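# Results of the structural survey
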Amino acid sequence: MNPQLRGLTESEAMRRAAAGKSNKQTNPHAKTAREIILENSLTIFNLINFGIIALLFVIFLVTDDSRLLLDSVGVVIVVIVNTVISIVQEFRTREILSQTRLMLERDVIVVREGVERQIPQERIVEGDVVKIGRGDFAAVDGEVIASTMLEMDESLLTGESLTIEKPVGAKLFSGSFCVSGSGYYVAERVGADSYAAKISRLAKEYKFVSTPLQKKVDQIFIVSFIIAMVLAAIEVISHAAQGTLLDVEFIRRVATLVITLLPEGLVFFTTVVFAAGVYRVMRMGAVVQKLNAIESFSTVEAVCLDKTGTLTENQLAVQSVLPVNGLSRSDVEALLGAFAKASSDSNATILALRQLPNETTSTVLEELPFSSARKFSAMRLKLADAEAAFALGAIELLESKLTDDAKAAALNAIRENGLTGYRNLLFAELPQNAPLSALSAESALMLKPLAVVSLTGPIRADAHIALQLFRDNHVRLKILSGDAIDSVQATLHRVGWNAGETDCITGAALEKLPDAEFETAVKEKSVFARLKPEQKQKIIRQLNKSQRTAMIGDGVNDVPAVKEATLGIAMEEGSAITKEVADIVLLKNKFSVLPKIFEEGRIIMNSVSAIAKLYLTKNVIVLLLSVVTIALGTVFPLTPRRSGLLAIVGVSLPVYFITAFNKKTTPSKAFFTELFAFIGASLIAMTGASYLTEFLVGLMFEHSSVELQMSMLSTLVALCIANAYWISTQSNPEKQRVFLNASAVIMLVYAFLTQTEWTVFPINVLKAFYEIENFRWQLWSAIGFSSALGIALLFALHRLAERIVKNALER
């Protein structure tokens, strides 16, 4: 053995690990505790809230009105509680994502004391000899000490999709990956000192693509923020002109308006829903590596799939070996077995051929390993009685090196033996002394065909489930394969997809098309065969211009496309690099998980839609009451703390019920149309009931201003609870009784607080904090009548709004 390949001793490795020279490092994709705390503390919401706190406290010092002090304390408590919850939630989310990534921890092969052994990559130490083969990541930086045509792709580091040959003495950079050949390298820079770790500190994720839902939430945030600032400015200018800037009621109303219209809760609860979805999908059997990946999957418009290892299992079997040049089958199989045994590759093709007899003694003199770009491999072997060079690869790629007669013989063998739909390879011999490099160059070299090798791979048992899912949801399907058209068509036929000649095109044909025709072909064709990795990437890039695209793959040749897609999905048994760049990894290679993930994405979308409806309804009610109060001088029943009460009963509590019980998978066809229809119906019923209560209390009772405010507030509380009940039952009708009971309990607790004289903890704290004042029980007659009428109107308007929206969308 090469002395350099003996590696370290175990005692040397242990000493270096103890000295901190190991590859152990924090997850580059995860935020640190400091980052989480700072990002959740120094938000635009908190900065505005602290500005309001300062204003309320300063006005308190001037006016000595204790309500302002309590308001400022109340806002402080809300800010602290929200911030703490956000921090805890993000820590929990980080933990969930970390747990899922643990399922994908990669092991590497190192040489210690002359023996190859598999260890977790974090246990690599400086000086370790690390083995690398096709599909493997370079786990650390190092120098190559043995190379068998080792070729690396550094596109994840440099952005350039070029393979670079790495001879002995060349440097490997962590984050690059092997596309061809194999080798050994000595670890030089590990852990935080490695190249990939430094890059990761600058950009912690390979990509981030906002989903349609996240973009809608962002739009709501921007609009709400602008409205809040504009209305606050109008109020300030108006009262400045009147010289009443220090009026306490004015200050409290502005504070209520600004605090309410800032959609902090919407952003927070959206994150909660995403995290809950990640946890549920993890239990289904998939690793989600980005928080928004599940919802992103449910919104894709086109799905591209590799064939081998994706639609089919990642294992092949030899269907037949057909000699085409006079040799016996046993002689050809012996040569194929020797070729496979000597190969440094361990791909599915080589593993299948190693099942053939391989008792022939041989020594490798020269090797050209398989790569996705070449689509063939070659080797010069010293056999027992001679020296010979052989090539194994796709017939279409090697046919230019065959005479017309040899080519015809090979194709006839395939046709006459009914092997058209299999993966057919040509096994051929090179002329004596011809260099292997001549196969890749334009030369007059002619091959001597020895046999046609036909391979077959079983279809994944649950592949049809995924394909049917996409068809049912009108998602366009495209196959991006490196195999021949015949093989792809035969595989698709086995899963019930009959792709005709007009549906198919090869990579060679695509290369000849001008840009406009290439765009048309990508749009209209559904099967793309004999593609190189960069061609798959180019197709995905073209599709992304007009739609959201997912790519499902497993091999090194799929990496550029998986990385380029809006959403990348990998199989667990796929290459390490493919799993690393994917957004979702299917554990145990189960396609049957995809429908569940798709449904979970729809549930997330509907949950966030429901939350947005409740949250914005509460905001718009406050806005409308404020505008009416300014315009007509009516009673304004809310304060900063009472607004918080509406948020609790009308948004926060229902959110957890919706997140836990939502089963609605019907997609929203018009997010903003449905949102505004819901808000409009709620607005009419809630404001109408509130002002009806004001009218009835004024008509029926002698009352104080506090009693009038509390009566209107009580009506708003009842309508907010009813609104939450309505939308909760829409999310899961089977839990209607649960939602009804919860709504009744919340209303009874609130009613109890308005009537009780108890001053024990926590009743006294709740009443003081939310400014819940006692009032005569007789007022409940007016409140109850207005609320009942408002709830009946609310439900009727929601049904009407849903019918109108449905009819409009069907036109």
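The following paragraphs examine the structure supplied in this document. Treat the numbers as computed from the prediction; the structure is a model and nothing was measured.

Glancing now at the overall build of the protein. Looking only at helices and strands, one finds 29 helices and 21 strands in the protein. The buried share of the protein, reckoned over its 811 residues, is 55%. Considering only contacts within the protein whose residues lie at least 6 apart along the sequence, 71% involve residues at least 24 apart. Entry remark: accessible area of the protein is about 35,200 Å², with carbon and sulfur atoms responsible for 58%. Charged side chains in the protein number 80 positive and 82 negative. The centres of these two groups are separated by 3 Å.

We now examine the pattern of salt bridges. Pairs can form between side chains of opposite charge whenever their charged atoms are close. Tallying each qualifying case throughout the model produces 20 salt bridges. The closest approach of N and O atoms between Lys-171 and Glu-188, which form a salt bridge, is 3.1 Å. On the criterion of sequence distance, the pair formed by Lys-171 in strand 6 (residues 171–172) and Glu-188 in strand 7 (residues 177–189) is long-range, its members being 17 residues apart. The salt bridge partner of Arg-460 is Glu-573, with a shortest N-O separation of 2.7 Å. Here Glu-573 lies in the loop between strand 20 (567–571) and helix 22 (576–581) and Arg-460 lies in the loop between strand 15 (448–456) and helix 16 (463–472), a separation of 113 residues in the sequence.

Turning our attention to the environment of Ile-395. With respect to the element layout, Ile-395 can be found in helix 14 (residues 395–398). Separated by 268 residues in the primary sequence, Ile-395 and Lys-663 have C-alpha atoms spaced 51 Å apart. Excluding its chain neighbours within four sequence positions, the residues that come into contact with Ile-395 are Leu-411, Ile-414, Asn-424, Leu-425, Leu-426 and Val-452.

Here strand 13 (residues 387–394) lies mainly inside the structure; seven of its eight residues are buried. The pairing of strand 12 (residues 376–383) with strand 13 spans seven bridges and is antiparallel. Bridging across to strand 13, Ser-377 finds its partner in Leu-392. Between strand 12 and the antiparallel strand that follows it, strand 13, lie three residues. Relative to strand 14 (residues 423–429), strand 13 runs antiparallel, the two being bridged by five bridges.

Turning our eyes to something else, we now look at the sheet that holds strand 20. Ordered in space as 8-21-20-19-9-16-18-17, the eight strands form an open sheet in which the pairing is mixed. In this open sheet, the two edge strands, each paired with only one partner strand, are strand 8 (286–288) and strand 17 (504–506). Taken over all neighbouring pairs, the strand axes of this sheet differ in orientation by 20° on average, direction set aside. Where strand 9 (residues 302–305) lies against strand 19 (residues 549–553), four bridges are found, and the strand directions are parallel. Each bridged residue has a counterpart across the sheet, and for Leu-305 the counterpart in strand 19 is Ile-552. Relative to strand 16 (residues 476–480), helix 16 is tilted by about 140°, and along the sheet it contacts strand 9, strand 16 and strand 19.

Analysis parameters
- Residues numbered from 1 in each chain as written.
- Predicted model: local features only at pLDDT ≥ 70, side-chain atom pairs only at ≥ 80, totals over all residues.
- Heavy atoms only, no water.
- Helix = DSSP H or I, 4+ residues; strand = E, 2+ residues; numbered from the N terminus.
- Buried < 20%, exposed > 50% of the residue type's maximum accessible area, 1.4 Å probe, protein only.
- Contact = heavy atoms within 4.5 Å.
- Areas by Shrake-Rupley, 256 points an atom, 1.4 Å probe, with all protein chains shown as cover.
- Lys, Arg positive; Asp, Glu negative; His and termini not counted.
- Charge placed at Lys NZ, Arg CZ, Asp CG, Glu CD.
- Salt bridge = Lys/Arg side-chain N within 4 Å of Asp/Glu carboxyl O.
- Pairing = 2+ DSSP bridges.
- Axes fitted to C-alpha atoms, helices over the stretch in contact; angles between N-to-C directions.

The values are spatial; any link to function lies outside them.
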